[in-house]
Amino acid sequence: MGRILVVEDDRDVLDLLRESLGAEGHQVVVARDGLSARQLLASPTGAGLDLIVLDLMLPRDDSSALLAEIRRSGAVPVLALSAQDAASTPTDVLRCGADHYMSKPVDLEELVTRVESLLRRQGP
């Protein structure tokens, strides 16, 4: 199973994602804001991640800049989540480097399925 970083500021959503992904056997690492995510990614804990689930509306950081930085630093797949209601958001996020985009509130079964799909593409 995979090592997944979940970057999400909403504690309830974070707990649901951690529980759902953990129940599938994934090791879940969490960050509650962009600054914490950057610090984690720069630490030994951030090495060897298989996937990042990234909320696009984070406190203390520009999520688009964080996404661009993640993309420059490697090929870790990114599943972007957003409560934004703009029609262009999915297109913009995918152009910035996300591999998948989901609108909140997310269907947990669909999110887990997308995570599995992205991890399968990564290979063993």
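Quick caveat: nothing in here was measured; it's all calculated off a predicted structure.

### Quick look at helix α1 (residues 11-23)
(1) Moving on: An ideal rise of 1.5 Å per residue puts 18 Å on 13 residues; α1 measures up with 18 Å between its terminal C-alpha atoms.
(2) Moving on: Burial in α1 covers these residues: Leu14, Leu17, Ser20 and Leu21. On an axial view of α1, the arc spanned by its buried residues comes to 140°, and they lie on one face. In this structure, α1 carries Asp12, Glu19 and Ala23 as exposed residues pointing more than 90 degrees from its buried face.

### Details of the UniProt feature "modified residue: 4-aspartylphosphate" (unreviewed entry) in the chain
(1) Moving on: The feature "modified residue: 4-aspartylphosphate" (unreviewed entry), as annotated in UniProt, sits at Asp55 in this numbering.
(2) Moving on: What Asp55 contacts, discounting residues up to four positions off in sequence, is Val7, Glu8, Asp9, Ser63, Leu81 and Lys104.

### Examining the nonpolar core
(1) Moving on: Grouped together as the largest cluster of nonpolar side chains are 19 residues, with contacts concentrated most on Leu5, Val7, Ile52, Leu54 and Val93.
(2) Moving on: Going through the elements one at a time, β1 (3-7), β2 (27-31), α2 (34-42), β3 (51-55), α3 (63-73) and β4 (78-82) are the ones with two or more residues in this core.
(3) Moving on: Sorting elements by how many residues they give to this core places α3 first, with 3 residues.
(4) Moving on: The contact partners of Ile52, leaving out residues within four places of it in the chain, are Leu5, Val7, Leu41, Ile70, Val76, Pro77, Val78 and Leu79.

### As for the sheet that holds β2
(1) Moving on: Reading across the sheet, the 5 strands line up as β2-β1-β3-β4-β5 and stay open at both edges, with parallel pairing between neighbours. For this open sheet the edge positions go to β2 and β5 (100-103), each flanked by a neighbour on one side alone. Adjacent strand axes in the sheet meet at a mean angle of 20°, parallel and antiparallel pairs treated alike.
(2) Moving on: When β1 meets β2, the two strands line up parallel, connected through 5 bridges. Across the sheet, residue Leu5 finds its bridge partner in β2, namely Val29.

### Here we look at the environment of Asp10
(1) Moving on: Within the secondary structure layout, Asp10 lies in the loop between β1 and α1.
(2) Moving on: The exposure class of Asp10 is partly exposed, given its relative accessible area of 34%.
(3) Moving on: Spatially, the C-alpha atom of Asp10 lies 9.5 Å from that of Asp33, the residues being 23 residues apart in sequence.
(4) Moving on: Within the structure, Asp10 has its side chain in polar contact with the backbone nitrogen of Asp12 (distance 2.9 Å).
(5) Moving on: Among the polar contacts made by the side chain of Asp10, one reaches the main-chain amide nitrogen of Val13 at a distance of 3.0 Å.

### Things to note about the pairing of β3
(1) Moving on: For β3, a buried count of 5 out of 5 residues is recorded, marking the element as mostly surrounded by other parts of the structure.
(2) Moving on: Residues of β3 alternate between two faces, with Leu51, Val53 and Asp55 on one and Ile52 and Leu54 on the opposite face, all of them buried.
(3) Moving on: Here β1 runs beside β3; their pairing, made up of 4 bridges, is parallel. Residue pairing across strands places Val6 opposite Val53, the latter belonging to β3.
(4) Moving on: Both β3 and β4 contribute to a ladder of 4 bridges, which runs parallel. For Val53, the partnering residue across the bridge sits in β4 and is Leu79.
(5) Moving on: The handedness of the β3 to β4 crossover, carried by α3, is right-handed.

Basis of the calculations
Residue numbering note: each chain is counted from 1, following its sequence as written. Only residues with pLDDT of at least 70 get local features here, since the model is predicted, and only at 80 or more are side-chain atom pairs given and counted; chain-wide, interface and lining totals rely on the full set of residues. Side-chain descriptors were evaluated using all non-hydrogen atoms of the structure, hydrogens and water having been removed beforehand. Labels follow the DSSP assignment, with helices taken as runs of H or I lasting at least four residues and strands as runs of E lasting at least two, numbered in each case from the N terminus. Given a helix with a known number of residues, its expected span is that number minus one, times 1.5 Å. Think of it in three bands: residues with accessible area under 20% of the maximum for their type are buried, residues over 50% are exposed, and the middle band is partly exposed, with areas taken using a 1.4 Å probe on protein chains only. Directions pointing from the helix axis toward each C-beta atom define the arc. UniProt positions are given in the numbering used here, feature names are shortened, and annotations may be inferred rather than shown by experiment. Note on contacts: a residue pair is in contact if any heavy atoms of the two residues lie within 4.5 Å. Only buried residues count toward a nonpolar core, which is a set of Ala, Val, Leu, Ile, Met, Phe, Trp, Tyr and Cys residues joined through side-chain atoms within 4.5 Å. Should DSSP find at least two bridges between two strands, the strands are regarded as paired. To obtain each axis, a line is fitted to C-alpha atoms, and for helices this fit is confined to the stretch in contact; angles are then taken between N-to-C directions over 0 to 180 degrees. N or O atoms within 3.5 Å of each other form a polar contact, as long as, within protein, one can give a hydrogen and the other can take it, and as long as residues adjacent in sequence are counted only when both atoms are side-chain atoms. If the strands point away from the viewer and the path from the first strand over the helix to the second runs clockwise, then the crossover is right-handed.

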